[in-house]
Amino acid sequence: MREIKNRKRYFIFVTLFVILAAVASVAIEAKKREDFDKRYYQVVDEYDTRRFTEKELNEIYSREDFVENLQLYNGALENSHAYQFIGMNTMPIEIIGHWDKPDNLVNGYGHKDLKNQNVEFEGDRIEITPVDALQVTKESQSELFHRAIFQNNDFRQNGNAISLILGSGFKEYYKIGDQIEFIYLEKKWKGIVTGFLENGERMELDDSLAFDMDKFMVLPFFEELDIENNSYYDHIFEINFWLAKNFAYLKLENKEDYEKAKKYIEDTAMEYDLNYTLLRGY
């Protein structure tokens, strides 16, 4: 009988220990979240197949004022007096031509060998290799890099030419003035190397937003687009460009401001008949 009672006490003790450990774990995790230094919250559109059918998306993209509304929304956020809008986006670009540089400069999503893919583009067979790229607006470069890395005229479109600032990992293989052909948003561009970042430069904004820039190519976001003709492909490019430019960040001084900022993003989008929200993230 005593042995049975002792076993019961043991199991009760173990159960209480497990419960207390679980409560402590939850408390620790909550404390971690509370102490988490997060100041940059991502502005995202909701134009995906989880919320819309393909038919609905095509109808949205076909609206005559859709591109104009994307531009107006971007201007409203950039000129906001309520919040600081940080124009930046990370998206690989595809270098055209045979890649003979180190594999660690290639964006392989951590485990894939994606260099020298043979694809058809504009009726030709070409080799492409993806590399990490960061796009920044003129207003955001000082916030992100603590200095202006591009000249003012770099943010004005000049045909298909675009300035490139390369991470130090590329310095052994390119020099200032070199031209790099690449594909971005399904259009071909002629990148012109105008500078390099410092060796080991790290863009660290908060606990959740940091990039080691040695393997990045940095592009300026054009302030306006110079579209030569109104073809279907140019229209799709315009949409993708402004969606990419609006896929940016709000800087909040306090995490407690998140709900108010989210409402601001969503309400402002509704003024232009658009669907945007603000991600909380941890």
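Keep in mind that what you see is a predicted model, and the values were worked out from it rather than measured.

Here is what the cut-offs are and how they apply
- Residues numbered from 1 in each chain as written.
- Predicted model: local features only at pLDDT ≥ 70, side-chain atom pairs only at ≥ 80, totals over all residues.
- Heavy atoms only, no water.
- Axes fitted to C-alpha atoms, helices over the stretch in contact; angles between N-to-C directions.
- Helix = DSSP H or I, 4+ residues; strand = E, 2+ residues; numbered from the N terminus.
- Parallel < 35°, antiparallel > 145°, perpendicular 65-115°, else oblique.
- Left-handed = near helix turned anticlockwise from the far one by under 90°.
- Contact = heavy atoms within 4.5 Å.
- Nonpolar A, V, L, I, M, F, W, Y, C, P; charged D, E, K, R; others polar.
- Phe/Tyr/Trp six-rings, centres within 6.5 Å; stacked < 30°, edge-to-face > 60°.
- Buried < 20%, exposed > 50% of the residue type's maximum accessible area, 1.4 Å probe, protein only.
- Pairing = 2+ DSSP bridges.
- pLDDT = per-residue confidence, 0-100.
- 1 Å grid on protein atoms, 1.4 Å probe; cavity = no way out; pocket = protein on both sides within 12 Å on 5 of 7 lines; lining within 4 Å.
- Points joined across faces, edges and corners; volume = space filled by probe spheres on them.

A look at the packing of helix 3 (residues 66-78) against helix 5 (residues 232-246)
Two packed helices can be described by the angle between their axes and the distance between those axes.
So, step 1. Following both chains from N to C, one finds helix 3 and helix 5 inclined at 20°, their axes separated by 10 Å at the closest point. Here helix 5 runs roughly parallel to helix 3, going by the angle between their axes. With respect to the hand of their crossing, helix 3 and helix 5 are arranged in left-handed fashion. Of the residues in helix 5, those touching helix 3 at Phe66, Val67, Leu70, Gln71, Tyr73, Asn74 and Glu78 are His235, Glu238, Ile239, Trp242, Leu243, Lys245 and Asn246.
So, step 2. Partitioning the contact of helix 3 with helix 5 into residue classes produces 7 nonpolar, 4 polar and 3 charged.

Digging into the packing of aromatic side chains
So, step 1. Enumeration according to the criterion identifies 17 aromatic pairs in this entry.
So, step 2. Centre to centre, the rings of tyrosine 41 and tyrosine 258 are 5.8 Å apart; their planes meet at 35°, and the pair counts as tilted. A residue pair is termed long-range when its members are at least 10 positions apart, and tyrosine 41 in strand 1 (residues 40-45) and tyrosine 258 in helix 6 (residues 258-271) qualify at 217 residues.
So, step 3. Among the residues examined, tyrosine 41 registers a relative accessible area of 3% and is labelled buried.

What to know about the sheet that holds strand 13 (residues 249-251)
So, step 1. The 4 strands are arranged 2-13-1-14 in an open sheet whose pairing can be described as antiparallel. Looking along the sheet, the strands with just one partner apiece sit at the ends: strand 2 (84-86) and strand 14 (276-278). Taken over all neighbouring pairs, the strand axes of this sheet differ in orientation by 30° on average, direction set aside.
So, step 2. As defined by bridge partners, strand 1 adjoins strand 14 across 3 bridges and the pair is classed as antiparallel. Across the sheet, aspartate 45 pairs through a bridge with tyrosine 276, a residue of strand 14.
So, step 3. The sheet strands contacting helix 6 are strand 1, strand 13 and strand 14, and the helix crosses strand 14 at an angle near 170°.

Focus on the confidence of the model for the protein
So, step 1. Counting all residues, the mean pLDDT for the protein is 87, and 85% of those residues have values of 70 or more.
So, step 2. Scored below 50 in pLDDT, residues 2-34 shows 3 contacts in the model against residues more than four places distant or in partner chains.

Here's the deal with the pairing of strand 8 (residues 179-184)
So, step 1. Pairing geometry for strand 4 (residues 93-96) and strand 8, over 2 bridges, is antiparallel. From the neighbouring strand, isoleucine 95 faces strand 8, where its bridge partner is phenylalanine 182.

Structural notes on the layout of surface pockets
So, step 1. Its boundaries defined by the atoms lining it, the largest pocket holds a volume of some 240 Å³.
So, step 2. Every residue along the wall of the largest pocket is listed here: Phe121, Glu122, Asn160, Leu185, Glu186, Lys187, Lys188, Tyr232, Tyr233, Ile236, Phe237 and Asn240.
So, step 3. If you list the elements that add at least two residues to the lining of the largest pocket, you get strand 9 (187-196) and helix 5.
So, step 4. Counting residues per element, the lining of the largest pocket draws most heavily on helix 5, at 5 residues.
So, step 5. Residues belonging to the lining of the largest pocket are distributed by class as follows: 6 nonpolar, 2 polar and 4 charged.
So, step 6. Looking at the second largest pocket, it is lined by 11 residues, and the ones nearest its centre are Gln157, Lys187, Asp226, Glu228 and Asp234.
So, step 7. Looking at the lining of the second largest pocket, the elements that each hand over two or more residues are strand 9 and helix 5.
So, step 8. Taken together, the residues of the lining of the second largest pocket break down into 3 nonpolar, 4 polar and 4 charged.

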